[in-house]
Structures are given as structure tokens and as C-alpha cells.
Number of protein chains: 2
Amino acid sequence: MIDFPPVIRNLIEALKELPAIGPRSAERIILYLLEENKGTKQRLMASLRELETKITLCSRCGFYSEEPLCQICQDPSRDLLYFCVVIHPVDVLKIERTGAFRGVYHVLGKKISPLEGHTPEDLPIAHLIQRIDREKPREVILAFGTDAEAEATALFVSQILKKRAIKVSSLAMGLPAGSGLEYADSVTLSYALSGRREL
Amino acid sequence: MIDFPPVIRNLIEALKELPAIGPRSAERIILYLLEENKGTKQRLMASLRELETKITLCSRCGFYSEEPLCQICQDPSRDLLYFCVVIHPVDVLKIERTGAFRGVYHVLGKKISPLEGHTPEDLPIAHLIQRIDREKPREVILAFGTDAEAEATALFVSQILKKRAIKVSSLAMGLPAGSGLEYADSVTLSYALSGRREL
């Protein structure tokens, strides 16, 4: 049976490797690219090339950057006494978008995950400890999420950091904003209870 | 507020120009591309470049091709007495995938569309008429769909072709396969009635 020419099939296959793109979306995208003459193809190629060549990880905190130090580490208004440790570079943006944190970050890069073969010994924690010993923050906030692997990672990291007589905290658990009790599971609700605030 | 570095934002913007990709999918794709080292980026770049440079339209029928003549027009087993006229190149594949047509195609390229400013005079019909006069098919099947613009195009094209004493047909309208009467609208049902077949 006749199909698209090989060049088009290759692009469909490459697109299907991406998340959120199935065979039908890949075909729609191809048809768009074949018909368009607004430069989308050129912009895509140029940005992919730049992504490949220009994006690196900040040598201090591990966030995405185009320079040795990222925008945040270059910002003199940041409060160096507060470290927020996250697992993935993109988690930095999640915290940034709250507007509620003016300290600096440290990206761990992975969490303890027996399924993926990441033991506590694999955790790249040496760089974090060096930074803490050198920069002497007042508080280290572990912003790891609440799945079992993230909690195991937080426990492990906090035990190491506490040997250094440093304040270690983690994100509060409780009800999500704008939600009623009827949607909360009992584990979340018990955390919300034990973490209750005086009004 | 801190955001992704400019290079990443550029790629997100380029991805958002594509159909079926919104801001969240674009971000998921970026995160995948930043982490992956399986060569997806390189394959995407290479296929985009090839799409740009290698894909052309068949000089005879107008289907996508990497050579002056497409796979179908190069196939000696095709029945040259039957022309199937479609509006878009991708419609060729739709018909091919049925496996029910062994003739050759002609891609019109556009339909009459007052909203987009395409009048009957804009229809690139001269090339189709030249082909018909030269190749003398027995039947021309108009496979245009059933929206108002497609039907107007079919009417216009059929009037021109009938002056040449040629058999002109269009796709049957009726019930879709695997569907009950309860889902059919009354227009479709009236076409299914008037086009009924003796068993």
C-alpha cells in the first residue's frame, strides 16, 4: 500500500518519540509543516539546535542555564541564607512561579528509586554538602514531593544534613487550595490536622 | 519572575505554533528533549531539514513525492483510465488506505471557499483539463467531501468536465460503516435512502 514518502515517515516516527504526541497528532503536525510557509520549520530547527548546543546546567545550583551560572545564581537580590533543594531542574520553576521564595536552589538530579536502581549511595549529595559547608545557609528546605521515593530521599538527605547542625525543613502537607474536605484522602487530612495552624 | 532560559522559551514558542500542541504539551516535550540522550533531537532536526529540502509535489498528480513523479504515478500497475480528483495531497492517502482504488490521482490543491477568498476562477483546473485531454481517462471520480464548499467545487468541476463528454462521478453518501440509524442525521439518511442498493 502507498504511504507517505520516506522523508515524511521519518519525521512522523521522530515526532512520535515525543511525549503527548501520538500517530494522529504526528500526522496533523506533518500536514501543517508541509503546508506552512511562515517559518515554523526553520524556527523549530534553529531552537532544537540551540537547545542541543547552548543549554547547560548551572555549575552552582544545577538549574537550566545558557551561562556557567543561571539567572537565579547571578541575581544579587537573592537571599543566600535559604537553600531550596529540589529533585529536577524544572522543579525550580514550579517554586519560582509561586513568588513565595527568594532564596537560592540546589537541584539534586535524582531521587532514591529502587525500581530505577538508584540507591541512597547513588544520590549526588557530595556537591550539596560542599555547597552547604562553603555557603553556610541558615535553613535548607527539601521540596521533594510526597511519593514514597521522594519521602525516602528527604529522610536520607535530612539525616546527613542534621549532622551539620543545620535547620532542615520540608514542604507542608495538607489540603490543596480551593478544595473542600470531601475531596481530601484520609492521609492528606491527617497531615492537615497534625499541621494545623492557630488563627 | 524567573522563567526558562531564552533558548528553551524559543523552542516552546515554536512548538506551540504546531497543531495539537498547547503550552503544557510544549513544556512536557521540552523536558523530554532536555533529558533524553537517545538522539531524538538529532532525528527531529534531520527530518525537518529533509522535509524542507526533499519533499516536493508530483509534477503529474500533485501528491507528495521525493522525485519528479510520485510512487503512484511511477507504478505501472495503475489503471490510467480512472482518475480520482481530491482537494488536498493527504486525501490521496485516505483513499489509498481503503485499498479500493487502483487508478491514478489528481490533487486540485484548493476548493472554492468564499471565506478564504477562493472563487471558482481561482481553482487551478487548467492542469486537470490538460491531463484529461492528454490522458483521456474513462471516468473521473470527484472525492471532495460533503461540506458546502466541497460540494460547490464538485458542481463547478463536474460542469466543466461534462462538456468533454466524460463520465464524472462523486463519492456515495450514506450511513457510515458500523453505525445504527439512531446516529444518522436526516440529511445523511435521505441520501442513504435515495442511494439505496438492490440486494
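What you see is a predicted model, and the numbers here were worked out from it, not measured in a lab.

At a closest axis distance of 9 Å, the pairing of helix 1 (residues 6-16) of chain A and helix 3 (residues 40-54) of chain B adopts a crossing angle of 150°. Considering the angle they form, helix 1 of chain A stands roughly antiparallel to helix 3 of chain B. Seen from above, helix 1 of chain A lies across helix 3 of chain B with left-handed handedness. Here helix 1 of chain A contributes Val-7, Ile-8, Asn-10, Leu-11, Ala-14 and Leu-15 of chain A to the contact with helix 3 of chain B, which in turn contributes Thr-40, Arg-43, Leu-44, Ser-47, Leu-48, Glu-50, Leu-51 and Lys-54 of chain B. Broken down by class, the residue content of the contact of helix 1 of chain A with helix 3 of chain B amounts to eight nonpolar, three polar and three charged.

All names here are of chain A. Contact geometry for helix 1 and helix 2 (residues 23-35): axes closest at 9 Å, N-to-C directions at 130°. By the criterion of interaxial angle, the relationship of helix 1 to helix 2 is oblique. Once helix 1 is placed against helix 2, the crossing between them reads as right-handed. Seen from helix 1, the contacting residues are Ile-8, Leu-11, Ile-12, Leu-15 and Lys-16; seen from helix 2, they are Pro-23, Ala-26, Glu-27, Ile-29, Ile-30, Leu-33 and Leu-34. Its residues placed into classes, the contact of helix 1 with helix 2 shows 10 nonpolar, no polar and two charged.

A separate point is the interface of chain A and chain B. Counting residues at the interface gives 52 residues for chain A and 52 residues for chain B. At the surface where chain A touches chain B, the tally comes to eight salt bridges. The partner of Glu-52 of chain A in a salt bridge is Lys-41 of chain B, with the nearest N and O atoms 3.8 Å apart. The interface formed by chain A and chain B contains 12 residue pairs in polar contact (both at pLDDT 80 or more). Taken together, the elements giving at least two residues each to the side of chain A that touches chain B come down to helix 1, helix 2, helix 3 (40-54), strand 2 (64-65), helix 4 (71-74) and helix 5 (89-96) of chain A. Taken together, the residues of the side of chain A that touches chain B sort by class into 30 nonpolar, seven polar and 15 charged.

All right, on to the pairing of strand 4 (residues 104-107) of chain B then. Residues and elements named next belong to chain B. Along strand 4, one buried face is formed by Val-104 and His-106 and the opposite face, lined by Tyr-105 and Val-107, is buried too. Note that strand 3 (residues 82-86) and strand 4 share four bridges and pair parallel. What sits directly across from Cys-84, in strand 4, is Tyr-105. Assessed by its sense of winding, the connection that carries the chain from strand 3 through helix 5 (residues 89-98) to strand 4 is right-handed.

In this structure, Ile-8, Leu-15, Leu-33 and Phe-63 of chain A together with Leu-15 and Phe-63 of chain B are the most contacted members of the largest nonpolar core, which totals 76 residues. Filtering out sequence-adjacent residues up to four positions away, Phe-63 of chain B remains in contact with Ile-2 and Asp-3 of chain A together with Thr-56, Leu-57, Cys-58, Cys-70, Ile-72, Pro-89, Val-92, Leu-93 and Val-107 of chain B.

Here we come to the side chain of Ser-113 of chain A. Residues and elements named next belong to chain A. Here Ser-113 shows up in the loop between strand 4 (104-107) and helix 6 (126-135). Taking the relative accessible area as the measure of exposure, Ser-113 reaches 1% and is therefore buried. Discounting chain neighbours no more than four positions away, the residues touching Ser-113 are His-118 and Glu-149.

Overall, the predicted model of chain A reaches an average pLDDT of 90, with 99% of residues at or above 70. For chain A, the element scoring lowest by mean pLDDT is helix 8 (residues 186-194) of chain A, at 84; strand 4 of chain A scores highest, at 96.

What follows deals with the domain arrangement of chain A. Per the domain assignment, the segments of chain A are domain 1 (6-54) and domain 2 (70-170). Using only C-alpha atoms to locate each centre, domain 1 of chain A and domain 2 of chain A end up separated by 36 Å.

Below, the discussion takes up the relation of the copies chain A and chain B. Under the fitted operation, chain A is carried onto chain B by 0.1 Å of movement along the axis and a turn of 180°, and the coordinates agree to an RMSD of 0.1 Å. Both chain copies can therefore be described as sitting about a two-fold axis. In terms of C-alpha distance to the rotation axis, chain A has Met-45 of chain A as its closest residue, with the C-alpha 2.8 Å off the axis. A share of 100% of the interface residues of chain A reappears at the interface of chain B, consistent with the copies meeting face to face through the same patch.

Moving on: the layout of surface pockets. There is about 670 Å³ of room inside the largest pocket. Forming the walls of the largest pocket are 28 residues, and the residues nearest its centre are Leu-142, Ala-143, Phe-144, Gly-145 and Leu-171 of chain A. Elements that contribute at least two residues to the lining of the largest pocket include exactly strand 3 (82-86), helix 5, strand 5 (139-142), helix 7 (148-162) and strand 6 (167-170) of chain A. When residues of the lining of the largest pocket are assigned to their parent elements, the largest contribution, five residues, is made by helix 7 of chain A. Residue composition of the lining of the largest pocket, by class: 16 nonpolar, seven polar and five charged. In this structure, the second largest pocket encloses a volume near 390 Å³. Every residue lining the second largest pocket is counted, 24 residues in all, and those nearest its centre are Glu-35 of chain A together with Leu-57, Gly-62, Tyr-64 and Pro-89 of chain B. Contributions of two or more residues to the lining of the second largest pocket are made by helix 2 of chain A together with helix 3, strand 1 (56-57) and strand 4 of chain B. The element that contributes the greatest number of residues to the lining of the second largest pocket is helix 2 of chain A, accounting for three residues.

Criteria and thresholds
Within every chain, residues take consecutive numbers counted from 1 along the sequence as written. Chain letters start at A and ligand numbers start at 1, both assigned in the order the entries are written. Per-residue local features of the predicted model are confined to residues with pLDDT of at least 70, and side-chain atom pairs are confined, for both listing and counting, to 80 or more; whole-chain, interface and lining totals are unaffected and use all residues. Here the side-chain values reflect all heavy atoms present in the structure, with hydrogen atoms and water set aside. To define axes, lines are fitted to C-alpha atoms, for helices over the stretch in contact only, and angles between the resulting N-to-C directions are given on a 0 to 180 degree scale. The helix count covers DSSP runs of H or I at least four residues long, the strand count covers runs of E at least two residues long, and both are numbered beginning at the N terminus. These descriptions rest on fixed angle ranges, namely under 35 degrees for roughly parallel, over 145 for roughly antiparallel, 65 to 115 for roughly perpendicular, and the rest for oblique. In this scheme, a crossing is called left-handed if the near helix is turned counterclockwise away from the far one by less than a right angle; it is called right-handed if the turn is clockwise. Every residue pair with non-hydrogen atoms within 4.5 Å of one another is taken to be in contact. Polar here means any residue other than Ala, Val, Leu, Ile, Met, Phe, Trp, Tyr, Cys and Pro, which are nonpolar, and Asp, Glu, Lys and Arg, which are charged; Gly is therefore polar. Just to be clear on terms, a salt bridge is a Lys or Arg side-chain nitrogen sitting within 4 Å of an Asp or Glu carboxyl oxygen. Whenever a nitrogen or oxygen atom comes within 3.5 Å of another N or O atom, the pair is scored as a polar contact, on the condition that within protein one atom can donate a hydrogen and the other can accept it, and that pairs from neighbouring residues in sequence are kept only if both atoms are in side chains. A 1.4 Å probe rolled over the protein chains alone gives each residue an accessible area, and that area as a share of the maximum for its type sets the label: buried under 20%, exposed over 50%, partly exposed in between. Two strands make a pair as long as DSSP finds a minimum of two bridges between them. Handedness of a crossover is defined as follows: orient the strands so they point away from the viewer, and if the path from the first strand over the helix to the second runs clockwise, the crossover is right-handed. Side-chain atoms within 4.5 Å are what join buried Ala, Val, Leu, Ile, Met, Phe, Trp, Tyr and Cys residues into a set we call a nonpolar core. Residue-level confidence of the predictor is summarised by pLDDT, bounded by 0 at the bottom and 100 at the top. As used throughout, domain bounds are those supplied by an automatic or database domain assignment. Least-squares fitting of one copy onto the other uses the C-alpha atoms of those residues that reach a pLDDT of at least 70 in both copies. Using a grid of 1 Å spacing that covers the protein atoms alone, one calls a set of points a cavity when a 1.4 Å probe fits there but cannot get out, and a pocket when the set is open and has protein on both sides within 12 Å along at least five of seven lines; lining residues are those with an atom within 4 Å of a point. Grid points are joined across faces, edges and corners, and a volume is the space filled by probe spheres set on the points.

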